[in-house]
Amino acid sequence: FETLCRMSEACGHISSLAVENRFERVYPFKSLASHLLGYLSRAEKTGKDGLEQLFQEDLSGTPGYVKGVFNATGKKIQQTESQDAQAGKDLTLTLDSRLQAMAENIFSPGESGCILLMDPEDGAIKVFVSYPNVDPNMFLNKITQEQWDEYFVENSPLLNRITRALFPPASLFKLVTFTAGIEEGLITPETVYTCKGFVYFGKRKYLCRRGWGHGELDSYHALAHSCNMHCYTIAQQISIDTLAEYAMRFGLGQKTNFLLPEKSGIVPSSMWKQMYKGERWWPGETLSVTIGHSYLLVTPLQAARMVSAVCTGYLVRPRILEAEQIEPKPLNIAFSTRNFLHEAMYIASQKGSVRQLRFLKNFHVHGKTGTAQTQSRTKKKTDRKHFEHAWVALYFYYKDHKPMTLVAFKEHSGSAREAVAVAKEFLKGYEKIYS
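Calculation rules
Residues numbered from 1 in each chain as written. Predicted model: local features only at pLDDT ≥ 70, side-chain atom pairs only at ≥ 80, totals over all residues. Heavy atoms only, no water. Helix = DSSP H or I, 4+ residues; strand = E, 2+ residues; numbered from the N terminus. Buried < 20%, exposed > 50% of the residue type's maximum accessible area, 1.4 Å probe, protein only. Contact = heavy atoms within 4.5 Å. Lys, Arg positive; Asp, Glu negative; His and termini not counted. Charge placed at Lys NZ, Arg CZ, Asp CG, Glu CD. Phe/Tyr/Trp six-rings, centres within 6.5 Å; stacked < 30°, edge-to-face > 60°. Polar contact = N/O pair within 3.5 Å; in protein donor to acceptor, adjacent residues only side chain to side chain. Disulfide = S-S within 2.5 Å. Axes fitted to C-alpha atoms, helices over the stretch in contact; angles between N-to-C directions. Parallel < 35°, antiparallel > 145°, perpendicular 65-115°, else oblique. Pairing = 2+ DSSP bridges. Salt bridge = Lys/Arg side-chain N within 4 Å of Asp/Glu carboxyl O. Patch = residues over 30% accessible without salt bridge, like charges linked within 9 Å, V, L, I, M, F, W, Y side chains within 5 Å. Areas by Shrake-Rupley, 256 points an atom, 1.4 Å probe, with all protein chains shown as cover.

Draft legend 1. Looking closely at the overall build of the protein. Counting secondary structure elements, the protein contains 15 helices and 15 strands. Taking the principal axes of its C-alpha atoms as reference, the protein extends roughly 95 × 45 × 40 Å. The proportion of buried residues among the 435 residues of the protein is 49%. For the protein, long-range pairs separated by at least 24 residues make up 67% of all intrachain contacts whose partners lie at least 6 apart in sequence. Taken together, the 52 basic and 44 acidic charged side chains of the protein have centroids lying 7 Å from each other.

Here it is, written out as C-alpha cells:
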C-alpha cells in the first residue's frame, strides 16, 4: 500500500495511469460443501444462497480509502484523511473437512442424493453433502449457455436436498408408529403378529414389503425387518390426529431452526386434510401413513434429528457454526419406549434391513431403512424417475468415540439397499480417517 501511495503521488498528473482496486472471492476447495457455503453473484459481488448470503456483511468487511487534495494538473498536494481496510470476520464451522471431502466422492455422476453426519448430543453437523453439487467459482464469471446446459439442468444441482427437498419418509416413519402404538397401549414390545404378506381393510388389500410374508414376528423383529403388519394393526386402533401428535414430538412437520432456509414438511391430520384438500380423513389413509406414505413429507435434516432423539432422548437443534448455542428439547417419550426403539434398531443392523453393516469391525450400529414409492406399485417403471427413493438413518459408535448420526439418501435408486451401500462406503472411509 505504501508503494502504491508513492506511485500515485509521483504519477498523479499522468492521465493514462489509473489505479483500480477490487477483490475476488476464491473457493480453493471448489465444490466442497457448496450448498452450505453458497456463492457470490458475478455483478454485485454479494452473497447468494448459503452462508455467503446469511453472513454477507460479516464476511465482506469494510473497504479502506484515502482522501487528498489535487491541483489542476492532477498532482496530489495534500492527504486529508485515510482509513485502513478492515478484513471480514471469520466463520468457524462444525464441518470435518476430511470427512466432507471423502463423502463428496461417494456419489457418481448422474446420481442424486445426500449424506448428513451429525453429533446427536450437541447438533454439530460434521458432513453436509447434497449431490450433485456445483463449483461456486463458476458464478464469479459469466456462465455460457453450454455450461448451463452441461452443469445446471440434470438433477437440479442447485437444490439443497438436505433442507429444501421433501420426500416421503417411508419406513423411517415406523419409528413414530411403533412409538405411538406402545405409548398408547395398543401393542407391547412382545406383541406377536403373523405376517402373510398382506391384510384386507375395507375392500382394499394392503401389502407388506415382502409379498410372501414374514411369518410370526414380535414388535422388535417387526421393526427390525420393516414388516408392515404391526403398523396396519396400530392404524386400525389409532386416530390420525394422535399419530400426527407423536410425529410432531419427533420434530416432523416443523422446521428444525437450522441456519439455512428449510422446509417444514407435512404431517397430515384430519384438520390438515380438510384445510388443504377440502375433504374428510378416511380410516384407510391412516394405514398408509403408518408405513410412511400418504401425504407425509420430511427433509433429510428432520430425519437425522428424529433418529438422534432416539439415541439421546431429546431433540437438538442442528448447528453448523461452532459459536451457535446448543439447544436441546425433551423428546417426551418414555425411557422404556425409547429403549425398545434402541434395541429394535440394533437388531436391524445385525439381521434386519441394515444387516449389510454388521460386518464392519469397530462399529456398533442402530439403524432403520426406508424405500419411498414415487408411483403406484401397479404402474410400470419405464424411466429412472419412476424408481423408489432409498433411505437409511442410523446412529453408530466407533470404538470408544461418542455416538454420531448418519443419514444417507439416494433418489430413484429402487431399493433401500442402495442407501445402505452408501452408508457402508461412508463408514469405511470414516474408519480410515479415524483409525
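Okay, back to it.
Draft legend 2. The arrangement of the packing of aromatic side chains in detail. Evaluated as defined, the whole model comprises 24 aromatic pairs. Measuring from ring centre to ring centre gives 6.5 Å for Tyr395 and Tyr397, while their planes differ by 80 degrees; the resulting arrangement is edge-to-face. On the basis of relative accessibility, which here comes to 0%, the residue Tyr395 falls in the buried class. Relative to Tyr430, the ring of Tyr398 has its centre 5.7 Å away and its plane inclined at 80 degrees; by these criteria the two rings are edge-to-face. Remark: Tyr430 occurs in helix H15 (residues 416-434) and Tyr398 occurs in strand S14 (residues 389-398); sequence separation between them is 32 residues. Residue Tyr398 shares its accessibility class with Tyr430, and that shared class is buried. Taken together, the ring pairs in this structure connect Phe363, Phe396, Tyr398, Phe426, Tyr430 and Tyr434 into an aromatic cluster.

Draft legend 3. Representation of the environment of Gln237 within the structure. Turning to its location among the elements, Gln237 is positioned in the loop between helix H9 (229-235) and helix H10 (240-249). Once the C-alpha coordinates of Gln237 and Thr286 are considered, the two residues, 49 residues apart in sequence, prove to be 9.9 Å apart. A polar atom in the side chain of Gln237 sits 3.1 Å from the backbone oxygen of Thr233.

Draft legend 4. Molecular detail of the state of the cysteines. This structure, assessed with the given rule, holds zero disulfides. Cysteine Cys11 is unpaired, with the sulfur of Cys5 as its nearest cysteine sulfur at 13 Å. The class for Cys11 is partly exposed, based on a relative accessible area of 24%. Unpaired in terms of disulfides, Cys195 finds its nearest cysteine sulfur in Cys227, a separation of 3.6 Å.

Draft legend 5. Representation of the packing of helix H13 (residues 300-312) against helix H14 (residues 335-351) within the structure. For the pair H13 and H14, the least separation of the axes is 8 Å and the interaxial angle reads 110 degrees. Classified by the angle between their axes, H13 and H14 sit roughly perpendicular to one another. Of H14, the residues touching H13 (which contributes Val307, Ala309, Val310, Cys311 and Thr312) are Arg338, Leu341, His342 and Met345.

Draft legend 6. Inspection of the sheet that holds strand S6 (residues 125-131) at higher detail. Ordered by their spatial adjacency, five strands build an open sheet running S6-S5-S15-S14-S13, and the pairing between neighbours is antiparallel. Among the strands making up the open sheet, the edge pair consists of S6 and strand S13 (363-372). The mean inter-strand angle of the sheet, taken between neighbouring strand axes irrespective of direction, is 10 degrees. Each of strand S5 (113-118), S6, S13, S14 and strand S15 (404-410) is contacted by H15, which is oriented at about 30 degrees to S14, the strand it contacts most.

Draft legend 7. Inspection of the pattern of salt bridges at higher detail. The final tally for this structure, using the stated rule, is 13 salt bridges. The shortest N-O distance in the salt bridge between Glu327 and Arg317 comes to 3.3 Å. Placement of the pair is Glu327 in the loop between strand S11 (314-316) and strand S12 (328-330) and Arg317 in the loop between S11 and S12, with a sequence separation of 10 residues. Residue class for Arg317 comes out buried when judged on its relative accessible area of 10%. Through salt bridges with shared partners, one network takes in Glu111, Lys410 and Glu418.

Draft legend 8. Structural context of unusual backbone geometry. Of note, the bond from Tyr131 into Pro132 is cis; its omega dihedral lies within 30 degrees of zero at 5 degrees. Its place among the elements puts Pro132 in the loop between S6 and helix H6 (145-151). Positive phi, normally seen in glycine, also occurs at Lys30, with a value near 55 degrees. Structurally, the position occupied by Lys30 is in the loop between helix H1 (2-11) and helix H2 (34-37). The phi dihedral of Ala170 is positive, around 55 degrees, even though this residue is not glycine. By relative accessible area, which is 0% here, Ala170 ends up buried.

Draft legend 9. Representation of the side chain of Thr405 in the model. By the secondary structure assignment, Thr405 is in strand S15. Of the residues examined, Thr405 reaches a relative accessible area of 0% and is grouped as buried. A distance of 2.8 Å separates a polar atom in the side chain of Thr405 from a polar atom in the side chain of Ser308. Thr405 has contacts with Leu116, Leu117, Met118, Pro120, Ala304, Val307, Ser308, Leu394 and Tyr395, leaving out every residue within four places of it along the chain.

Draft legend 10. Quick look at a positive patch on the surface. Taken together, the side chains of Arg209, Arg210, Arg355, Arg358 and Arg417 define a basic patch exposed on the protein surface. Structurally, Arg355 is set in the loop between H14 and S13. Among the residues examined, Arg355 registers a relative accessible area of 40% and is labelled partly exposed.

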